[in-house]
Amino acid sequence: MSKILELGVIANTHGIIGELKIDCRCDTPDFVRQFDKLSIGGVEYAVERCRTHKHFAIVKLRGVDTVQDAQALKGKSVSADVSGVILPEGRHFIADLIGLPVIESGKTIGTLADVLTMPAHDVYVLSDGRMIPNVPAFVKRIDNGIYVELIEGL
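Everything in this summary refers to the structure shown in the same document. Model, not experiment: these values are computed from the prediction.

Thresholds applied
- Residues numbered from 1 in each chain as written.
- Predicted model: local features only at pLDDT ≥ 70, side-chain atom pairs only at ≥ 80, totals over all residues.
- Heavy atoms only, no water.
- Helix = DSSP H or I, 4+ residues; strand = E, 2+ residues; numbered from the N terminus.
- Buried < 20%, exposed > 50% of the residue type's maximum accessible area, 1.4 Å probe, protein only.
- Contact = heavy atoms within 4.5 Å.
- Pairing = 2+ DSSP bridges.
- Axes fitted to C-alpha atoms, helices over the stretch in contact; angles between N-to-C directions.
- Phe/Tyr/Trp six-rings, centres within 6.5 Å; stacked < 30°, edge-to-face > 60°.
- Lys NZ or Arg CZ within 6 Å of the ring centre and 35° of its normal.

**Side note on the overall build of the protein**
- From N to C terminus, the protein includes two helices and twelve strands.
- Counting from the amino terminus, helix and strand elements in the protein follow one another as β-β-β-β-β-α-β-α-β-β-β-β-β-β.
- Across its three principal axes, the protein shows a C-alpha extent of roughly 55 × 30 × 25 Å.
- Within the protein, buried positions represent 36% of all 154 residues.

Structure (structure tokens):
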């Protein structure tokens, strides 16, 4: 079964041969380099080459050969089938976390509604609006739920 996730958005063109500058929504633009195919606007493209520059992935797709071809894709979402991707221990796709129960001392205190990706660490947003920093002091483990240990005020 395929599992399609958004990797980023085409921010701009790059160069004159149809390369695309992808603003990645991944931990690192290097994550994009492992895919042979990317989907843009429901159309699947073969990846000819991919490199990274700062927090962008620079991608050359088969059939996108001019600046005009690339400009037509600007602003569109880029996704890929991540069903075969094996993440390192302790890492999760955000899409897999959304909707999980958040549990403290054996009691469900809410449901994960969103994850804010911040420079220092992610912040988990519960369905009631409360926020929990994703740091080991608060988030103890994640499996079929997110197990937390909170302090007064969180």
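**A look at the side chain of Thr 13**
- Position of Thr 13 relative to the elements: it lies in strand β1 (residues 4-14).
- Looking at Thr 13, the relative accessible area reads 18%, which means it is buried.
- The contact partners of Thr 13, leaving out residues within four places of it in the chain, are Glu 19, Lys 21, Val 67, Ala 70 and Gln 71.

**Brief notes about the sheet that holds strand β12 (residues 146-148)**
- A sheet is described by the order of its strands in space; here six strands give the open sequence β10-β9-β8-β7-β12-β11, paired in mixed fashion. Two strands close off the open sheet at either side, each with one partner strand: β10 (131-133) and β11 (139-142). Taken over all neighbouring pairs, the strand axes of this sheet differ in orientation by 35 degrees on average, direction set aside.
- As judged from the four bridges shared by strand β7 (residues 101-104) and strand β8 (residues 107-117), these two strands associate in the antiparallel manner. Bridge assignment links Val 102 to a residue of β8, and that residue is Gly 110.

**Description of the packing of aromatic side chains**
- Enumeration according to the criterion identifies two aromatic pairs in this entry.
- Geometrically, the ring pair formed by Phe 31 and Phe 35 is edge-to-face, given 5.5 Å between the ring centres and 70 degrees between the ring planes. Assigned by exposure class, Phe 31 and Phe 35 land together as buried.
- Phe 31 sits in the buried class, given a relative accessible area of 16%.
- Above the face of the Phe 56 ring, Lys 21 is positioned so that its terminal group lies 4.6 Å from the ring centre.
- When the ring centre of Tyr 147 is taken as origin, the NZ or CZ atom of Arg 141, which lies over that ring, is 3.8 Å away.

**Details of the side chain of Ser 79**
- The residue Ser 79 is located in strand β6 (residues 77-81) in this model.
- If we skip the residues at most four places from it in the chain, Ser 79 touches Ile 4, Leu 5, Glu 6, Leu 7, Leu 38 and Ser 39.

**Here's the deal with the pairing of β8**
- With antiparallel pairing between neighbouring strands as the criterion, β7 and β8 make up a hairpin whose turn holds two residues, including Ser 105 at a positive phi of roughly 50 degrees.
- Bridge count between β8 and strand β9 (residues 122-126): five bridges; the pairing is antiparallel. Bridge pairing links Leu 112 to Leu 126 in β9.
- Hairpin geometry of β8 and β9 is characterised by an intervening segment of four residues between the two adjacent antiparallel strands.

This is a description of form; function is not addressed.
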